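Now for the letters of each chain:
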Amino acid sequence: MAEGLVVKAVRGLWYVETEDAVLCCSGRGKLRSLGLTPLVGDRVKVTDLGKGKGSLDEVLPRKNDFVRPAVANLDVLVILASAAIPVTEPFLIDRMIAIAELKGCDSILCFHKCDLARAPELVAAYRAAGYPCFETSAVTGEGIPELLEALGDRFCAFTGNTGVGKSSLLNALEPKLMLATGEVSEKLGRGRHTTRHVELFRLGRNAIIADRSEERRV
């Protein structure tokens, strides 16, 4: 068996990056009997079945795991917020910080869409509490180099309410990604989902980013 990293999960299949290849794997029955679902970010053991196929045999011990996004072994949770459509409630920010701290994971706060609206009081309050805060815009590029520098070479995931601009921000951090983006419904104040899986992406400074996406809907 070879050891590898789960880099994508979609529809009951896991794509595992090993030293030699990326294998499309199905899970062994013993994982189901243990009630264990592999997550993106897991270190796993796999058997190469040939022709790009594999069997995911074992999930190695995790340091943490999350439900939304469904990832494991995070170093940093990047919490996106916005003072523009949609406006992020501070309760959501506090909730995600609490979850990250419970899981032994650092938090970075990113107040996005600052070209449309800013939240100086919230930024000042969270900075005073000791949390790294960045004001960013995928349109103007403000704050993008500073955020990329802060991510370094750590394993990160971005989270935030739908429509806050996760995919747009990732595209700004690494233009080669060319992730699909969705518009925000002015009537509902919510975004439209554009993709439907969890996947890892490598950024310029070697940060590894997990992006959670769902079915496209209004």
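Let us look at the structure shown here. In this text the structure is predicted, and so the values were computed from the model without any measurement.

Observations regarding helix H5 (residues 166-173)
A large share of H5 lies buried, amounting to 6 of its 8 residues. All of the buried residues along H5 are Lys166, Ser167, Leu169, Leu170, Asn171 and Leu173.

Description of the nonpolar core
Of all hydrophobic cores here, the largest spans 36 residues; its most connected members are Leu56, Leu77 and Phe111. For this core, the leading source of residues is helix H2 (residues 90-102), giving 4 residues. When neighbours within four sequence positions are excluded, Leu56 is seen to be in contact with Val6, Trp14, Val16, Cys25, Ser26, Gly27, Arg28, Leu31, Pro38, Val44, Lys45 and Val46.

Let's talk about the side chain of Asn73
Looking at the element boundaries, Asn73 is found in the loop between strand S5 (53-59) and strand S6 (76-82). A distance of 2.9 Å separates a polar side-chain atom of Asn73 from the backbone oxygen of Gly41. A distance of 2.9 Å separates a polar side-chain atom of Asn73 from the backbone nitrogen of Lys63.

A short note on the state of the cysteines
Tallied over the full model, the rule gives 0 disulfides. Looking at Cys156, it has no disulfide partner, and the nearest cysteine sulfur is the one in Cys105, 8.4 Å off.

So, the side chain of Asn161
With respect to the helices and strands, Asn161 occurs in the loop between strand S9 (155-159) and H5. When near neighbours in sequence (up to four residues on either side) are disregarded, Asn161 contacts Leu80, Pro86, Val87, Thr88, Leu92 and Lys166.

Structural notes on unusual backbone geometry
The amide bond that connects Arg68 to the next residue, Pro69, takes the cis arrangement and shows omega of 0°. Structurally, Pro69 is set in the loop between S5 and S6. Pro86 follows Ile85 through a cis peptide bond whose omega is -5°. In this fold, Pro86 is placed in the loop between S6 and H2. Located in the positive-phi region is Arg11, a residue other than glycine, with phi close to 55°. Inspection of the secondary structure puts Arg11 in the loop between strand S1 (2-10) and strand S2 (13-17). By relative accessible area, Arg11 is classed as exposed at 68%. With phi around 65°, Asn73 is a residue other than glycine that occupies positive phi space. Under the relative-accessibility criterion, Asn73 is labelled buried at 15%.

Cut-offs used in this document
- Residues numbered from 1 in each chain as written.
- Predicted model: local features only at pLDDT ≥ 70, side-chain atom pairs only at ≥ 80, totals over all residues.
- Heavy atoms only, no water.
- Buried < 20%, exposed > 50% of the residue type's maximum accessible area, 1.4 Å probe, protein only.
- Helix = DSSP H or I, 4+ residues; strand = E, 2+ residues; numbered from the N terminus.
- Core = buried A, V, L, I, M, F, W, Y, C linked by side-chain atoms within 4.5 Å.
- Contact = heavy atoms within 4.5 Å.
- Polar contact = N/O pair within 3.5 Å; in protein donor to acceptor, adjacent residues only side chain to side chain.
- Disulfide = S-S within 2.5 Å.

Fair warning: the whole summary comes from geometry, so function is off the table for now.
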